[in-house]
Amino acid sequence: MGKIKLLGKTPAQLKEIAQSCGLPSYTGAQIAQWMYKKKVRSFEEMTNLSKAARETLSQTYEVGATSPEEVFTSADGTRKYLFPVRCPVNPSTHPVILSEVEESVVEAVMIPDRDRATLCVSSQAGCKMGCHFCMTGRQGFHGNLSVADILSQFITIDESDALTNAVFMGMGEPLDNFDSVMAAIEVLTADWGFAWSPKRITLSSIGVLPRLKEFLDGCKCHLAISLHNPFPDERESMMPVQKAFPLAKVLELLRQYDFSGQRRVSFEYTMFAGFNDDKRHADALVRLLRGIPCRVNLIRFHKIPDFPYGTSPAPVMEMFRDRLEASGITCTIRASRGEDIFAACGLLAGKHGENIFYDN
Ligand code: SF4
């Protein structure tokens, strides 16, 4: 049985832990300050705690930040970090349980862009959602990351102090690991934590409905919805989630919230040649999104093995963008980053990338 990780706990929870160890209650606030303001990773570095207090804590607890085991740097400056994680084994995906924990690797990608440094964060090892075009979906589900696993991605990378933004767009569906993701966002945005504005954080989801409402009610971060096709039958052929949580229901929910002010919603639309990239799709998308103040991001698809579609040619993407723009929808074609280190959208597989990338 390992030690209990403190990373991700609130000052109130840390105060209770301190008291349960017979330490003064203000020790909780001190530990929070060391972990979230100074980003220290051991009790030894918490120099305003007495030696006895540090020893008492370390018998049962640890800070619990995990360092990356490998890092790859792209020619464009994008950096991909690989983190080892140990997730509790899920009985529904492991009928025979040989061990209580499963070891996996997840990825975090730091994307520099002029005066910004955005971290693309993973929330799960693998993913249950099974989107056909996604390398993470193909590897199946290996477990939920703990709040300490999620925050480690922020704390231990070389650019930790330079980060300006975060997107929950890495491996996994963040709303399928709701409690850990919300706890991490609380640490990122609380005054006692990183004190980031929620405007610096975007959560990306394929639309896991009951949790989406909870997220919209309880959190002010931006939202990105993976849309990819306006027609239900075509969307379902790529994204099984469409059956359980139809896009129409997701949009019905979004229409109940105000996205004209501080909080923004965007729609991610990966372009597959000959599948979702003609005028019919563009016009249907315009009809679908009418009345929702939003942006559509067109994403170039990175071809993966055993998948029938390649990416749409640049002129087709431009036609699609112009058609949306002409109808009053702000639309951008996303620059692709980190492709040479397999860090681009849809390629995060928790592997080093060998043999998973096909030339178009
Ligand atoms: Fe999961 Fe997102 Fe990949 Fe779909 S696209 S399988 S939700 S990680």
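That block above? That's the structure.
As the structure is a prediction and not an experimental result, all values here were calculated from the model.

Scoring rules and cut-offs
Residues numbered from 1 in each chain as written. Predicted model: local features only at pLDDT ≥ 70, side-chain atom pairs only at ≥ 80, totals over all residues. Heavy atoms only, no water. Pairing = 2+ DSSP bridges. Helix = DSSP H or I, 4+ residues; strand = E, 2+ residues; numbered from the N terminus. Patch = residues over 30% accessible without salt bridge, like charges linked within 9 Å, V, L, I, M, F, W, Y side chains within 5 Å. Areas by Shrake-Rupley, 256 points an atom, 1.4 Å probe, with all protein chains shown as cover. Salt bridge = Lys/Arg side-chain N within 4 Å of Asp/Glu carboxyl O. Lys, Arg positive; Asp, Glu negative; His and termini not counted. Charge placed at Lys NZ, Arg CZ, Asp CG, Glu CD. Near = heavy atom within 4 Å. Nonpolar A, V, L, I, M, F, W, Y, C, P; charged D, E, K, R; others polar. Disulfide = S-S within 2.5 Å. Buried < 20%, exposed > 50% of the residue type's maximum accessible area, 1.4 Å probe, protein only. 1 Å grid on protein atoms, 1.4 Å probe; cavity = no way out; pocket = protein on both sides within 12 Å on 5 of 7 lines; lining within 4 Å. Points joined across faces, edges and corners; volume = space filled by probe spheres on them. Contact = heavy atoms within 4.5 Å. Polar contact = N/O pair within 3.5 Å; in protein donor to acceptor, adjacent residues only side chain to side chain.

Visitor: Which residues make up the pairing of strand S5 (residues 101–113), and what are the values?
Guide: As defined by bridge partners, strand S4 (residues 79–88) adjoins S5 across 10 bridges and the pair is classed as antiparallel. The residue of S5 that forms the bridge with Tyr81 is Ala108. As defined by bridge partners, S5 adjoins strand S6 (residues 116–120) across 5 bridges and the pair is classed as antiparallel. In the strand pairing of S6, Asp113 is matched with Arg116.

Visitor: Any chance you could break down a positive patch on the surface for me, citing the residues and the numbers?
Guide: A surface patch of positive charge is lined by Arg116, Lys199, Arg264 and Arg295. As for its placement among the helices and strands, Arg264 is situated in the loop between helix H10 (247–254) and strand S12 (265–271).

Visitor: Kindly report on the site of the ligand, identifying the contributing residues and their values.
Guide: Cys127, Met129, Gly130, Cys131, Cys134, Gly137, Gly172 and Ile206 make up every residue found near the ligand. Class assignment of the residues belonging to the shell around the ligand gives a composition of 5 nonpolar, 3 polar and no charged.

Visitor: Before we move on, could you go through the state of the cysteines and cite the residues and values that matter?
Guide: As used in these notes, a disulfide is a covalent bond between sulfur atoms, one from each of two cysteines. For the coordinates displayed, the defined rule picks out 0 disulfides. Cysteine Cys294 is unpaired, with the sulfur of Cys331 as its nearest cysteine sulfur at 9.6 Å. Looking at Cys294, the relative accessible area reads 15%, which means it is buried. Note on Cys331: relative accessible area 3%, which makes it buried.

Visitor: How would you sum up the layout of surface pockets? Please name residues and give values.
Guide: Computed from the structure, the second largest pocket encloses a volume of approximately 690 Å³. Sorting the residues of the lining of the second largest pocket by element identifies strand S1 (4–5), S4 and helix H5 (147–155) as the ones contributing at least two each. In terms of residues, the lining of the second largest pocket owes the most to one element, S4, which gives 5 residues. Taken together, the residues that form the lining of the second largest pocket break down as 11 nonpolar, 5 polar and 7 charged.

Visitor: An account of the environment of Lys3 is requested, with residue identities and associated values reported.
Guide: Position of Lys3 relative to the elements: it lies in the segment before S1. Considering only alpha carbons, one finds Lys3 and Glu107, 104 residues apart in sequence, at a separation of 24 Å. Leave out the neighbours within four places in its chain, and Lys3 touches Ser58, Gln59, Thr60, Tyr61 and Glu62. At 2.6 Å, the side chain of Lys3 forms a polar contact with the backbone oxygen of Ser58.

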